[in-house]
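A closer look at the structure
Okay, here's what each chain looks like letter by letter:
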Amino acid sequence: MRTTLRMRRAALVFSAIGALALTGCSDDGGGKDKAGEGPATGKESPSSVTLPALDGEKISVAAVWTGPEQANFTKVLDEFEKRTGATVTFVPAQDPIVNFLGTKIAGGQPPDVAMIPQVGAIQQAVAKKWAKPVGNEARAQLGQNYAQVWQDLGKVDGTQYGVYFKAANKSLIWYNAKAFENAGASEPKTWKDFMATAETVSASGVTPVSVGGADGWTLTDWFENIYLSQAGPEKYDQLAKHEIKWTDPSVKDALTTLAELFGKPSLITGGADGALQTEFPASVTQTFTGGDQPKGAMVFEGDFVSVNIAQTEAKIGTDAKVFPFPAVGADSPVVTGGDAAVALKDSKGAQALLTWLASKDSAKIWAEAGGFISPNKSLDAAAYPNDVQRTMAEALIAAGDDVRFDMSDQAPQSFGGTPGKGEWKTLQDFLKNPKDIAGTQAKLESDAAKAYTS
């Protein structure tokens, strides 16, 4: 198994995030370009990638991104159009994306490229013979710009199908600085300290934790961070592959830890019922509105939270600060997610777009816009708009091959990536009834067994 040396090193880098936030580092508005700078173009800087002329060619790209994420990705596609002469159309998709793509393919209108957010979904696309292998030019960019782990995540049976363009650090707790200051609370390092901090904030009259339980994937992220830190990376890998069952004692331990929070409704905005009616974006915005009297003082999720914070008046580094997910075991966890570009048509345009998305030039455009972390190790960290985001990106790269990818995203989509089913639904039920740990384990194992053998 891979060692945890780099993971520990990354955790140390993450510990600097809180210190950076305390310096009041400025934010450039999340979804906005740095002042005086626009997206990189071929005329403004030397190109790091060679692309073919595609004059008159039309390319469609499907993704589940909306709002600021869609707008920022469109900037990346616009530059591709300038460099190649192609016309690129963004196709809004819905979760689960495999179902959406299946409908498009059945109707004879598959997009040329799809941005797929789950490893399991890539495997399904390959099994259904939808996905096309990555061409030589894109593979060359991957070899030059990506750690082996990110290349391997896009492979199925040794063949490269996915190009990971957007990554996410999913091991962060964001907090309302004014609410913390009023409560006399400080950034916790361990899970025990985290629970004590929550009680301190609660005593000040502010509900401490905002949970977006209407989106089941947020609950899987809670579980995965606790499990990775408590059970360790080897067990994490085994559970991700279903080599051990969800009835394993290590799962019981992680659920028991999570129940320390979920079992105290007073610590969660709206209690369990309120959390289950709160979608992820609202869980963020309600943490950073209302000044020092927000509906929740802390919200857990990845670096992409900055996009939602930008929809409020809060400023990252001043009003909105961040600390690493607290260590349950020896180390703070480093869990990541990501979106991979997969070609569904074996066309010159589709392959050129994969090559572009594997380049540091494309990553630089969204990095400058904010709300984005790239797994591209060749990207200059100076492209990120503020020190908080820059440090998160550097920590992700520092984790190298020892980063652990989101467990539910590695699972078959029917188990780990479908609203109202599998792990998402079972953990929503667990949020409602955190005392039923054995029943939760049994249901998770039953659903997993079906999904991994189908």
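For the structure, see preceding data.
Here's a quick rundown of the structure. (Residues numbered from 1 in each chain as written. Predicted model: local features only at pLDDT ≥ 70, side-chain atom pairs only at ≥ 80, totals over all residues. Heavy atoms only, no water.)

Quick notes on helix 2 (residues 67-84)
Our working rule: Secondary structure elements are taken from DSSP: a helix is a run of H or I of four residues or more, a strand is a run of E of two residues or more, and numbering for both begins at the N terminus. What a helix should span is 1.5 Å times the count of its residues minus one. Under the scheme applied here, a residue whose accessible area is under 20% of the maximum for its type counts as buried, over 50% as exposed, and between as partly exposed, the area being computed with a 1.4 Å probe on protein chains only. The directions considered for the arc run from the helix axis to the C-beta atoms. Whether two residues are in contact is decided by their heavy atoms, any of which lying within 4.5 Å being enough.
Between the first and last C-alpha of helix 2 there are 26 Å, a value that for 18 residues agrees with the 26 Å anticipated at 1.5 Å per step. Those residues of helix 2 that fall on the buried side of the exposure criterion are Asn72, Phe73, Val76, Leu77, Glu79, Phe80, Arg83 and Thr84. The arc enclosing the buried residues of helix 2, seen along the axis, measures out at 150 degrees, which places them on a common side. Residues of helix 2 that are buried sit in contact with strand 1 (58-63), strand 2 (87-92), strand 3 (113-116), strand 6 (162-169), helix 15 (348-357) and helix 16 (360-369).

Section: helix 16
The element helix 16 is extensively covered by neighbouring structure, given that eight of its 10 residues are classed as buried. When helix 16 is considered as a whole, its buried residues turn out to be Asp361, Ser362, Ala363, Ile365, Trp366, Ala367, Glu368 and Ala369. As for helix 16, its buried residues are in contact with helix 2, strand 6 and helix 15. Positive backbone phi, at 95 degrees, marks Gly370, one or two positions downstream of helix 16.

A few points about the pattern of salt bridges
Keep this limit in mind: Basic side-chain nitrogens of Lys or Arg form a salt bridge, by our definition, when they fall within 4 Å of a carboxyl oxygen of Asp or Glu.
Applying the stated criterion to the full structure yields 14 salt bridges. Of the charged contacts in the structure, one is a salt bridge between Asp248 and Lys235, with a shortest N-O distance of 3.5 Å. A residue pair is termed long-range when its members are at least 10 positions apart, and Asp248 in the loop between helix 10 (233-240) and helix 11 (249-262) and Lys235 in helix 10 qualify at 13 residues. On the accessibility criterion, Asp248 (16% relative accessible area) is buried. As a salt-bridge pair, Asp387 and Arg390 come within 2.4 Å of each other at their nearest N and O atoms. You can see Asp387 and its partner Arg390 sitting in helix 17 (residues 387-399), three residues apart, about one turn around the helix.

Structural notes on the packing of helix 11 against helix 20 (residues 422-432)
Our working definition: Note on geometry: axes are C-alpha line fits, over the in-contact stretch for helices, and angles between N-to-C directions span 0 to 180 degrees. Each angle receives one of four descriptions, namely roughly parallel if under 35 degrees, roughly antiparallel if over 145, roughly perpendicular if within 65 to 115, and oblique otherwise. Following the grouping adopted for this structure description, the nonpolar residues are Ala, Val, Leu, Ile, Met, Phe, Trp, Tyr, Cys and Pro, the charged ones are Asp, Glu, Lys and Arg, and the polar ones are all others, Gly among them.
It is the contact of helix 11 with helix 20, at a shortest axis distance of 9 Å, that shows an interaxial angle of 50 degrees. In terms of axis orientation, helix 11 runs oblique to helix 20. Across from Leu255, Leu258, Ala259 and Phe262 in helix 11, the residues of helix 20 making contact are Leu427, Phe430 and Leu431. Class assignment of the residues belonging to the contact of helix 11 with helix 20 gives a composition of seven nonpolar, no polar and no charged.

Quick notes on the pairing of strand 3
The following threshold applies: The rule for pairing is simple: two strands pair if DSSP sees at least two bridges between them.
The side-chain alternation of strand 3 yields two buried faces, one formed by Val113 and Met115 and the other by Ala114 and Ile116. As paired strands, strand 1 and strand 3 are joined by two bridges and run parallel to one another. Looking at strand 3, one finds that Ala62 is bridged to Ala114. The sheet contact formed by strand 3 and strand 11 (residues 335-343) spans four bridges and is antiparallel. Directly across from Val113, in strand 11, lies its bridge partner Ala343.

Overview of the packing of aromatic side chains
Selection criterion: Classification of ring pairs rests on two measures: the distance between centres of Phe, Tyr or Trp rings, Trp counted by its six-membered ring, which must be within 6.5 Å, and the angle between planes, read as stacked under 30 degrees, edge-to-face over 60 and tilted in between. Both a distance and an angle decide whether a charge sits over a ring: NZ of Lys or CZ of Arg must be within 6 Å of the ring centre and within 35 degrees of the ring normal.
This structure, assessed with the given rule, holds 28 aromatic pairs. Pairing Phe165 with Trp366 gives two aromatic rings, centres 6.1 Å apart and planes at 45 degrees, and the pair type is tilted. One end of the pair, Phe165, is in strand 6; the other, Trp366, is in helix 16, and 201 residues separate them in sequence. Across this residue pair, the class does not change: Phe165 and Trp366 are buried. When the centroid spacing of 5.0 Å and the interplanar angle of 15 degrees are considered together, the rings of Trp366 and Phe372 count as stacked. Members of the aromatic cluster, joined through ring pairs, are Trp191, Phe194, Trp222, Phe262, Phe300, Phe325 and Phe430. The ring of Trp366 is capped by Lys166, whose NZ or CZ atom sits 5.5 Å from the centre of that ring.

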